[in-house]
Amino acid sequence: MRPLAVVRRAMLTPRGLSAIAAAAARDAVTLRSLGRTRSVALVHSNTSVVLSGAAAAATGRLPHVWHVREIYPGSAFERAWPAYRRLLLTAAALPCVSRATAAQFGGSSRPRVIPDGLAIEPRRAPRAAARAALGLPEDAPVIAVLGRISSWKGQDVLVRALAEPELSSRGAVALIAGEAWSGSEERETAVRELSRALGVSDRVRFAGFRDDVENVYGAADIIAVPSIAPDPLPGAAVEAAAAGCAVIASAHGGLPEILSDGRTGRLVTPGDPAALSRAAAALLDDPGARERLGAAAAEDVRVRFAPGLLITAIQELYDELLEGAPRPRGAQSVRPFGTSP
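Residues numbered from 1 in each chain as written. Predicted model: local features only at pLDDT ≥ 70, side-chain atom pairs only at ≥ 80, totals over all residues. Heavy atoms only, no water.

### Points about the side chain of aspartate 221
Right, so step 1: Note on placement: aspartate 221 falls in the loop between helix H9 (213-219) and strand S8 (222-225).
Right, so step 2: The class of aspartate 221 is buried, set by a relative accessible area of 10%.
Right, so step 3: Here arginine 127 takes part through its side chain, which lies 2.8 Å from a polar atom of the side chain of aspartate 221.
Right, so step 4: In terms of polar contacts, aspartate 221 uses its side chain to reach the side chain of arginine 131, at 3.0 Å.
Right, so step 5: If sequence neighbours within four positions are ignored, aspartate 221 has contacts with Arg127, Arg131, Ala140, Pro141, Val142, Ala246, Leu284 and Arg290. (Helix = DSSP H or I, 4+ residues; strand = E, 2+ residues; numbered from the N terminus. Buried < 20%, exposed > 50% of the residue type's maximum accessible area, 1.4 Å probe, protein only. Polar contact = N/O pair within 3.5 Å; in protein donor to acceptor, adjacent residues only side chain to side chain. Contact = heavy atoms within 4.5 Å.)

### Some remarks on the sheet that holds strand S6 (residues 173-177)
Right, so step 1: Reading across from one edge, S7-S6-S5-S8-S9-S10 is the order of the 6 strands in this open sheet, with parallel pairing throughout. Each edge of the open sheet carries a strand with a single partner, namely strand S7 (204-208) and strand S10 (266-268). Averaged over all pairs of adjacent strands, the angle between strand axes in this sheet comes to 25°, irrespective of strand direction.
Right, so step 2: Relative to S8, strand S5 (residues 142-146) is paired through 2 bridges, and the arrangement is parallel. (Pairing = 2+ DSSP bridges. Axes fitted to C-alpha atoms, helices over the stretch in contact; angles between N-to-C directions.)

### Considering the nonpolar core
Right, so step 1: Membership of the largest hydrophobic core comes to 36 residues, with the highest contact counts inside it found for Ile223 and Ile258.
Right, so step 2: Among the elements that make up this core, the one with the highest residue count is helix H10 (residues 235-242) (5 residues).
Right, so step 3: The residues touching isoleucine 258, leaving out its near neighbours within four places in the chain, are Leu233, Pro234, Ala237, Val238, Thr264, Asp300, Val301, Arg304 and Phe305.
Right, so step 4: Counting 30 residues, the second-largest nonpolar core is a separate cluster that includes Ala172, Ala174, Leu194 and Leu293. (Core = buried A, V, L, I, M, F, W, Y, C linked by side-chain atoms within 4.5 Å.)

Function cannot be inferred from these measures alone, as they are strictly geometric.
And the structure:
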């Protein structure tokens, strides 16, 4: 086993694109050989930033499923999007994780919305124990954000919100759980410098990567998902909602498909620290509202994002694509991940 070539922002140059094309071609040869050995009947690329699956499917004359988990317009990929969109539309099927993700293909009938399922069984640890594990004060209001520290996940928006009067007067603490990608450590440095410049560094806690997310959920009064750019279907929001947390999120991308404003969470203007601050302050002052939102979110999300729904939808897609299609000698019925033959 070896990693496949992935399209990255840094590679969006003539030289970078040539390198990724060459790497994808090499990967395709390996995948095609594997496909013959295993009598593969279909190729499923589980992300749209991997190219080799399309090449392997084409050379093997197999149906190609290209799973779209990214939103390209408005990102660093925007200039390349028209050409890349045409490439993605060559797939036999384009499952998209959200309506927002499918919308970038305009009126094409090829995309279909298949939301991801819950990958874990999220829970909240008891508040006192969780705060002790994270070194947080027992009585301070805590707003947590989980995920990679990046230029668009909005950690800086939460830090700016701390400096707004509503949260400053309440002594709210921001808990940032996550790290920057290797090689992008300057992102975390920028957030730390911002917190010092705004005079809130004593109320910002950097927890780094945490695999004990139940402590983050349990310690936080509110989970924030303040994405600046449209997020396709952020797992941080799905899992926090399923854990019964009160979630405040940006009102764009796939987030409005996860949360209903005022019923299962709060949605605010993207990139607006003042809006985040006001919404957070209102929830901090109303524990009953936090409890109601969290309970409603857990009930709703655990049904709509149940893992079984994803498995069933992918199986139905495979069956549809392979109905009446010739299969390689020795090929058995195609099953998605998570099932057994």
